[in-house]
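Breakdown of the fold
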Amino acid sequence: MKNIISLTLFLSLFFLNTSSFSQQGFLHADGINIVNGAGENVLLRGIGTGNWMLMEGYMMKTEGFAGTQHQIRAKLNEEIGVEKTDEFFETWLANHFTKTDVDSMKAWGFNSVRVAMHYKWFTLPIEEEPTAGNNTWINKGFEMMDELLGWCADNEMYLILDLHGAPGGQGANADISDYDPSKPSLWESQRNKDKTIALWKKLAERYANETWMGGYDLINETNWTFPEGNNSQMRKLFGDITDAIREVDQNHIIFIEGNSFANDHSGLTPPWDDNLVYSFHKYWSGTGKGELDWILSLRDAHNVPLWLGETGENSNSWFTETIELSESHNIGWSWWPVKKEGINNVMQVKMPSSYETLIQIWKNETNVVFSEDEVFDAVMDWAENHKIENCEIKYDVIDAMFRQPHTNETKPFKHHTTEATIFATDYDYGRNGYAYFDQEVGFYGGEYVNWNAGWAYRNDGVDIERCSDAISNGYNVGWTAKGEWMAYTIEVEKEAAYTFELRYAAEPSNGQFHLELDNANIITNKYLPGTGGWGTWGTYTVDNVVLKKGTHQLKFVINNSGFNINYFAFTNPVSLTKIDPEIIHLRTDETGKYIRVISNLGFDNAGIPSSSDFNFEVNNSEVEITKIEVDAQNNSVLLLESNIDLIKADQLFLSYISNSMLSPFDDPYPTFSKVAVENLSPDFVILPAKIEAESYLTNNGFELENCTDTGGGQN
């Protein structure tokens, strides 16, 4: 009986595992879609391993004097010797990308890894082969891929092999492919081509039956001008590689990148394999609705899937918009890179002071001299800081990639309360226009735009720099501009009137701000005196700022530029019964339908005035108030509706001539006469008129630049 039970259990587990294996199956092309073994659509959301197996000068900070991996190795051989250089590279490979990295990627939402491979970890260069034409295989690269595939499989993530550095180098941009112009490139040597074909066959044979192997990205970012004037050499090599792979592997997708950094697919169509996907890359370009039409036409013409195989290196806004655009066309993506020094990655590597000094020495920017041991220690410090536990996780980047493409809702960056200081840099996660508003939020092509002028802390459009104040989270908001703002989710523990304390620094005296709670002003426009310098910090206070208990959105609005912001706080709460009722602000809503009368204490339904208690003037003509009600979303706001549609050009004035408008404590609000109403109505014009192109209400992808036409301004 025991044996029968054991056999039954074994068979049950066998069929369960077999069913699971069959259900997952191999990724493959199905028309214009990438699907799994069950025919279910798979939208690849991937990460590129970046600098791990192929070092690029810009990530190593050695661009300009050692932009390629072979130059970096040669520099180290010269400075610390071959033995220590080999030790550094071993440590680098061990630290840069690990199982913990893959586990984290899975937890954050990624479902695939695109590994940027250098052929030198798998086989010798043709110049070093003991017998010309032979292929000496190196275990290191294959063992690394075995281990990486295991990490991916454990997390049910797909691994895509990317030959980032092909034998000889595939691109004139040497830093990307480790091309050495003193030696024949991939395209100038049949032996290099043969080695490339043999390497792919070796890899395909090894992984032919691995279901978590997502596919083979044959050659990364060719950028080469061929003597034939076309891509016929690429087509021939890709075809030969495909034939070699299909001799041993019928299961996996083959990804094809074009020339010109992956985007010129001319001569590479029609598809020559039933399981082929065209890959393109996208950097520093627009994100509007039609931005992918050029590649979508290729997909539609040949009924083949597309993959955005490499993108990134931009702002959070650009990340969100690019992913939203890509996924709207059912195109998966892979981000680049996973980590480097800088704010616009999933992980930020901290630059050790020793390595920073070493780079300055190598660039002749300092008189400091390092010994051999100090050079070795510096590069080992750099390798140590690439461990995930030594990196700073950029949750703002992750949120911009996975949550924000699918919602306009904001999310608290930190738990803010009235019991603690709120640092200006800790505004909510979210899109521009919802969590913050900044005039420059990304680089969309043309003249370079630095979206975060201080290049610190967060990758949004808000400009952030390191802070010198005594109390600080290390950073402050700077380079403020008129109309910009930041929003904060705040929990008010006690309904009260607070003293608002703003910690700021200003060289001039022209800074102005106001504060809103749930879209209603709680502090009107305030002028900030100069403090004596951009790093000279002072405190500005406003008394009797009313906050209602509960969770609210607080918005700090810059009315005029000219000050840096460190933090603000709400202190010294007093009972609302001890302060006088006050009308804080008058403004229209953005539709032009309502005038919003914003108070400090709020309104009671029993204390709503009548229409005859107000005089409303539009362009010096009296207009009737037809309806008055308390805003259902915020009882601090009284909504006045007139019988006309307001436009932004209208001049608006409101008077209150009664004592019938009462606070919840039955205290009357004071009268006021002919107070200007801030007009946020739509910006219509009466024809004939001149309309400036930049004066749009909404903008989907267009960029502004300085205009040289008569009148100047922008176009």
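Going by the structure above, here's the rest.
Thresholds applied
Residues numbered from 1 in each chain as written. Predicted model: local features only at pLDDT ≥ 70, side-chain atom pairs only at ≥ 80, totals over all residues. Heavy atoms only, no water. Phe/Tyr/Trp six-rings, centres within 6.5 Å; stacked < 30°, edge-to-face > 60°. Helix = DSSP H or I, 4+ residues; strand = E, 2+ residues; numbered from the N terminus. Buried < 20%, exposed > 50% of the residue type's maximum accessible area, 1.4 Å probe, protein only. Polar contact = N/O pair within 3.5 Å; in protein donor to acceptor, adjacent residues only side chain to side chain. Contact = heavy atoms within 4.5 Å. Core = buried A, V, L, I, M, F, W, Y, C linked by side-chain atoms within 4.5 Å. Pairing = 2+ DSSP bridges. Axes fitted to C-alpha atoms, helices over the stretch in contact; angles between N-to-C directions. Lys, Arg positive; Asp, Glu negative; His and termini not counted. Salt bridge = Lys/Arg side-chain N within 4 Å of Asp/Glu carboxyl O. Parallel < 35°, antiparallel > 145°, perpendicular 65-115°, else oblique. Left-handed = near helix turned anticlockwise from the far one by under 90°. Expected span 1.5 Å × (residues − 1).

Regarding the packing of aromatic side chains
Following the criterion strictly, the structure yields 43 aromatic pairs and no others. Seen in terms of ring centroids, tyrosine 457 and tyrosine 475 are 4.5 Å apart; in terms of plane orientation they differ by 25 degrees. Their pairing is stacked. Of the two residues, tyrosine 457 is situated in the loop between strand E16 (436-437) and strand E17 (464-466) and tyrosine 475 in strand E18 (residues 475-477); the sequence distance between them amounts to 18 residues. Accessibility classification places tyrosine 457 together with tyrosine 475 in one group, the buried group. Ring geometry for phenylalanine 513 versus tyrosine 540: centroids 6.2 Å apart, planes at 90 degrees, classification edge-to-face.

Some details on the side chain of aspartate 399
Residue position: aspartate 399 is located in helix H14 (residues 395-402). Among the residues examined, aspartate 399 registers a relative accessible area of 8% and is labelled buried. Among the polar contacts listed, one links the side chain of aspartate 399 to the side chain of arginine 403, at a separation of 2.7 Å. Not counting residues within four places of it along the chain, the set of residues in contact with aspartate 399 comprises Gln404, Pro405, Lys411, Tyr429 and Gly430.

Some thoughts on the nonpolar core
Note that soluble globular proteins tend to have their nonpolar side chains buried in a common cluster. Ranked by internal contacts, the top residues of the largest apolar core, which has 154 residues, are Met145, Leu161, Phe500 and Phe556. When residues no more than four places from it in sequence are discounted, the contact partners of phenylalanine 556 are Glu484, Trp485, Met486, Tyr488, Phe500, Leu502, Phe513, His514, Leu515, Phe563, Ile565 and Phe568. Residues Phe616, Val618, Tyr656 and Val677 belong to the second largest nonpolar core, which totals 27 residues.

Digging into the environment of lysine 363
As for its position among the elements, lysine 363 is in the loop between helix H12 (353-362) and helix H13 (372-384). Residue class for lysine 363 comes out partly exposed when judged on its relative accessible area of 31%. Residues lysine 363 and glycine 64, 299 residues apart in the sequence, show an inter-C-alpha distance of 8.6 Å. Residues in contact with lysine 363, not counting those within four places in the same chain, are Lys61, Glu63 and Phe65.

Topic: the sheet that holds strand E30 (residues 625-630)
Read across the sheet, four strands follow the order E26-E27-E31-E30 without closing on themselves; strand pairing throughout is antiparallel. Each having just a single partner strand, strand E26 (583-588) and E30 make up the two edges of the open sheet. Between one strand axis and the next, the sheet turns by 20 degrees as a mean value, whatever way the strands run. As paired elements, E26 and strand E27 (residues 594-599) share five bridges and run antiparallel to each other. The residue of E27 that forms the bridge with isoleucine 583 is serine 599.

What to know about the side chain of aspartate 180
Relative to the elements of secondary structure, aspartate 180 occurs in the loop between helix H6 (174-177) and helix H7 (190-207). It turns out aspartate 180 is buried and unbridged, and the closest side chain with the opposite charge, lysine 183, is 4.1 Å from it. There is a polar contact of 2.7 Å between the side chain of aspartate 180 and the side chain of serine 182. The contact partners of aspartate 180, leaving out residues within four places of it in the chain, are His70 and Gly168.

Description of the sheet that holds strand E11 (residues 339-340)
One open sheet holds the three strands; their spatial order is E11-E12-E13, and the pairing between them is mixed. At either margin of the open sheet sits one strand with a lone partner, and together these are E11 and strand E13 (392-393). Inspection of the sheet shows strand E12 (residues 347-348) paired to E13 by two bridges, in the antiparallel sense. By the bridge assignment for E13, methionine 347 is matched with isoleucine 393.

Focus on the environment of lysine 648
Structurally, lysine 648 is set in the loop between strand E31 (637-642) and strand E32 (652-656). On a C-alpha basis, the gap between lysine 648 and glutamate 705 in space is 25 Å, while along the polypeptide they are 57 residues apart. With sequence-adjacent residues up to four places away left out, lysine 648 is seen in contact with Asn679, Ser681, Pro682 and Asp683.

Considerations on the packing of helix H11 (residues 316-328) against H14
For the pair H11 and H14, the least separation of the axes is 7 Å and the interaxial angle reads 25 degrees. The angle between H11 and H14 places the two elements in the roughly parallel class. Regarding H11 and H14, the two cross each other, and that crossing is right-handed. Where H11 abuts H14, its residues Asn316, Phe319, Thr320 and Ile323 lie against Asp396, Val397, Ala400 and Met401.

Things to note about helix H8 (residues 232-248)
An ideal rise of 1.5 Å per residue puts 24 Å on 17 residues; H8 measures up with 25 Å between its terminal C-alpha atoms. All of the buried residues along H8 are Gln233, Met234, Leu237, Phe238, Gly239, Ile241, Thr242, Ala244, Ile245 and Arg246.

Some details on the environment of isoleucine 32
In this fold, isoleucine 32 is placed in the loop between strand E1 (28-30) and strand E2 (33-35). Assessed through its relative accessible area of 28%, isoleucine 32 is described here as partly exposed. As for isoleucine 32 and tyrosine 540, which are separated by 508 residues in sequence, their C-alpha atoms are 60 Å apart. In contact with isoleucine 32, not counting residues within four places along its chain, are Arg299, Asn303, Val304 and Pro305.

What about the pairing of strand E25 (residues 564-574)?
Both strand E15 (residues 422-423) and E25 contribute to a ladder of two bridges, which runs antiparallel. If you follow isoleucine 422 over to E25, its bridge partner there is phenylalanine 568. Pairing of strand E20 (residues 496-505) with E25, which is carried by eight bridges, proceeds in the antiparallel orientation. Bridge pairing links phenylalanine 500 to phenylalanine 570 in E25.

Notes on the pairing of E27
Within E27, six of the six residues are buried, which leaves the element mostly enclosed by the surrounding structure. Neither face of E27 is open: one carries Tyr594, Arg596 and Ile598, the other Ile595, Val597 and Ser599, and all of them are buried. With five bridges connecting them, E27 and E31 associate as antiparallel partners. Residue pairing for E31: valine 597 is matched across the bridge by leucine 638.

Focus: the pattern of salt bridges
In this structure the tally under the stated criterion is 31 salt bridges. Between glutamate 90 and lysine 140 there is a salt bridge, with its nearest N and O atoms 3.2 Å apart. Placement of glutamate 90 in helix H3 (residues 69-96) and of lysine 140 in helix H5 (residues 139-154) is noted, with a sequence separation of 50 residues between them. Judged by its relative accessible area of 41%, glutamate 90 falls in the partly exposed class. What makes lysine 140 partly exposed here is its relative accessible area of 26%. Bridged by salt links that share partners, the residues Arg114, Asp162, Asp217, Glu257 and Glu310 form one connected network.

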